[in-house]
Amino acid sequence: MKFPIPTIGLRPLLAASAIAAAVAVSSPASAVADSSMTIAVMGQQDGAWAGAPLGSSATDSIGSAGCAITSVTMMLRYYGMNTDPGAFNAWLTANGYAFDDQLIWDAVTSYSGGRVAFSNWLGPDLGPIEGELDAGRPVVAEVRLGGNQHFVLLTGYSTEGGLEINDPWFADSVSFNDRYGDPASGIVSIRTFMPADPGGQRGGGRVSWLANAIAAVHLSR
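As the structure is a prediction and not an experimental result, all values here were calculated from the model. (Residues numbered from 1 in each chain as written. Predicted model: local features only at pLDDT ≥ 70, side-chain atom pairs only at ≥ 80, totals over all residues. Heavy atoms only, no water.)

I would appreciate a short explanation of the overall build of the chain in the present structure.
Looking only at helices and strands, the chain has 10 helices and nine strands in total. Within the chain, the proportion of its 221 residues that are buried is 40%. Relative to all contacts within the chain whose residues are 6 or more apart in sequence, the contacts with residues 24 or more apart total 62%. About 11300 Å² of surface is accessible on the chain, with carbon and sulfur atoms providing 58% of the total. (Helix = DSSP H or I, 4+ residues; strand = E, 2+ residues; numbered from the N terminus. Buried < 20%, exposed > 50% of the residue type's maximum accessible area, 1.4 Å probe, protein only. Contact = heavy atoms within 4.5 Å. Areas by Shrake-Rupley, 256 points an atom, 1.4 Å probe, with all protein chains shown as cover.)

Structure follows, in structure tokens:
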């Protein structure tokens, strides 16, 4: 007696393929190889705000010393806030500077209305940096430029190029290694921030891919 050979419909196969692809995208292995965010570059020396005094300083301007607020501004814009270094500086002058022009990092929470909260000030530990970038959260990093304190925005990393940064002094996106050397010695400290709505983060994106694939299964039935 011959039994009929079981057949599988095309739709279930396509749905299964979609799930497999989604799982692959969301797997930690794929995140380790490449974790990058596309964040528009802003320069502290942009003519629109470079000449504005930094806070109430009589000597510093955004162009000469506004690297921290420009790095934070790029991060805030990534999270959907419509702002720029000039507007951020004006608000901080009244609400968030210490000693004339020293950024109070927690003021970011108030400035954003809680949409983005300052979460931590850490040393040069690459572990937390990788964890933040894998989660789709850019990191503000303190470095040295010409022997002076400087801040850049870490936007991702790859196995080939290492850490990727937006540098407000040069207004460009480059490899950290190419400009500041080994991150293990080139990074002095970091500042991390947590968005109130994680939906736009990298991890949230992976979940939505999987959710879409699961939805495809239901549609195929």
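Now that the structure is up, let's keep going.
When you look at the confidence of the model for the chain in this model, what are you seeing that I'm missing?
Parts of the model with low pLDDT should not have their predicted coordinates read in detail. Overall, the predicted model of the chain reaches an average pLDDT of 83, with 75% of residues at or above 70. Considering only residues more than four positions removed or in separate chains, one finds that residues 202–221, a stretch of pLDDT under 50, has 28 contacts. (pLDDT = per-residue confidence, 0-100.)

Would you mind going over the side chain of Thr-70 with me for this structure?
Here Thr-70 lies in helix H4 (residues 67–78). Of the residues examined, Thr-70 reaches a relative accessible area of 0% and is grouped as buried. Excluding its chain neighbours within four sequence positions, the residues that come into contact with Thr-70 are Met-42, Gly-43, Gln-44, Ile-62, Pro-85 and Pro-168.

What exactly am I supposed to notice about the side chain of Asp-101 here?
Its place among the elements puts Asp-101 in the loop between strand S2 (97–98) and strand S3 (102–103). Within the buried set, Asp-101 has no salt-bridge partner at all; the shortest N-O distance to an opposite charge, 13 Å, is to Arg-191. Side-chain polar atoms of Asp-101 contact the side chain of Gln-102, separated by 3.0 Å. When neighbours within four sequence positions are excluded, Asp-101 is seen to be in contact with Leu-54, Ser-57 and Asp-60. (Lys, Arg positive; Asp, Glu negative; His and termini not counted. Salt bridge = Lys/Arg side-chain N within 4 Å of Asp/Glu carboxyl O. Polar contact = N/O pair within 3.5 Å; in protein donor to acceptor, adjacent residues only side chain to side chain.)

Just to check I follow, could you spell out helix H5 (residues 85–95) for this structure?
An α-helix turns once every 3.6 residues. As a result, residues three or four positions apart point the same way. Of the residues making up H5, those classed as buried are Pro-85, Phe-88, Asn-89 and Leu-92. Around the axis of H5, the buried residues are gathered within 100° of arc, so they sit on the same side. Buried residues belonging to H5 abut helix H3 (62–65), H4, S2, S3 and helix H6 (107–111). (Arc of directions from axis to C-beta.)

I would appreciate a short explanation of the environment of Ala-196 in the present structure.
Secondary-structure assignment places Ala-196 in the loop between strand S9 (189–195) and helix H10 (202–220). Along the chain, Ala-196 and Ala-117 lie 79 residues apart, while their C-alpha atoms are 7.3 Å from each other. Setting aside chain neighbours within four positions, we find Ala-196 in contact with Gly-114 and Arg-115.

Sorry, what's going on with the pattern of salt bridges here?
Between side chains of opposite charge, a pair can form as their charged atoms come close. One pass over the structure, following the stated rule, counts five salt bridges. Here the salt bridges share partners, and the residues they tie into one network are Glu-142, Arg-144 and Arg-191.

Teacher, can you tell me more about the nonpolar core here?
The nonpolar side chains of a soluble globular protein tend to be buried, and buried together. Residues Val-72, Met-75, Leu-103 and Leu-154 are the most contacted members of the largest nonpolar core, which totals 42 residues. In terms of residue count, the dominant contributor to this core is H4 (seven residues). Apart from residues no more than four positions distant in its own chain, Leu-103 is found in contact with Ala-68, Ile-69, Val-72, Phe-88, Leu-92, Gly-96 and Tyr-97. (Core = buried A, V, L, I, M, F, W, Y, C linked by side-chain atoms within 4.5 Å.)

Before we go on, may I ask you to explain the pairing of S9 in this structure?
On a regular strand, one side chain projects to one face of the sheet and the next to the other, so that they alternate. The buried count for S9 comes to six of seven residues, which makes it a mostly enclosed element. One ladder, built from six bridges, connects strand S4 (residues 116–122) with S9; its direction is antiparallel. Residue pairing for S9: Ala-117 is matched across the bridge by Met-194. Sheet analysis places strand S5 (residues 139–145) next to S9, joined by three bridges and oriented antiparallel. When the sheet's bridge partners are listed, Ala-141 is paired in S9 with Ile-190. (Pairing = 2+ DSSP bridges.)

Honestly, the packing of H4 against H5 in this entry has me stumped. Any pointers?
Relative orientation and spacing of two packed helices are given, respectively, by the angle between their axes and the distance between those axes. Following both chains from N to C, one finds H4 and H5 inclined at 115°, their axes separated by 9 Å at the closest point. Every pair of crossing elements has a handedness; the one defined by H4 and H5 is right-handed. On the side of H4, the interface is formed by Ile-69, Thr-70, Val-72 and Thr-73, while H5 contributes Pro-85, Phe-88, Asn-89 and Leu-92. (Axes fitted to C-alpha atoms, helices over the stretch in contact; angles between N-to-C directions. Left-handed = near helix turned anticlockwise from the far one by under 90°.)

Explain the pairing of strand S8 (residues 172–175) here, please?
Inspection of the sheet shows strand S7 (residues 162–167) paired to S8 by four bridges, in the antiparallel sense. Pairing of Asp-167 across the sheet is with Asp-172, part of S8. The hairpin formed by S7 and S8 contains four residues between the paired strands, and Ala-171 there has a positive phi angle of roughly 55°.

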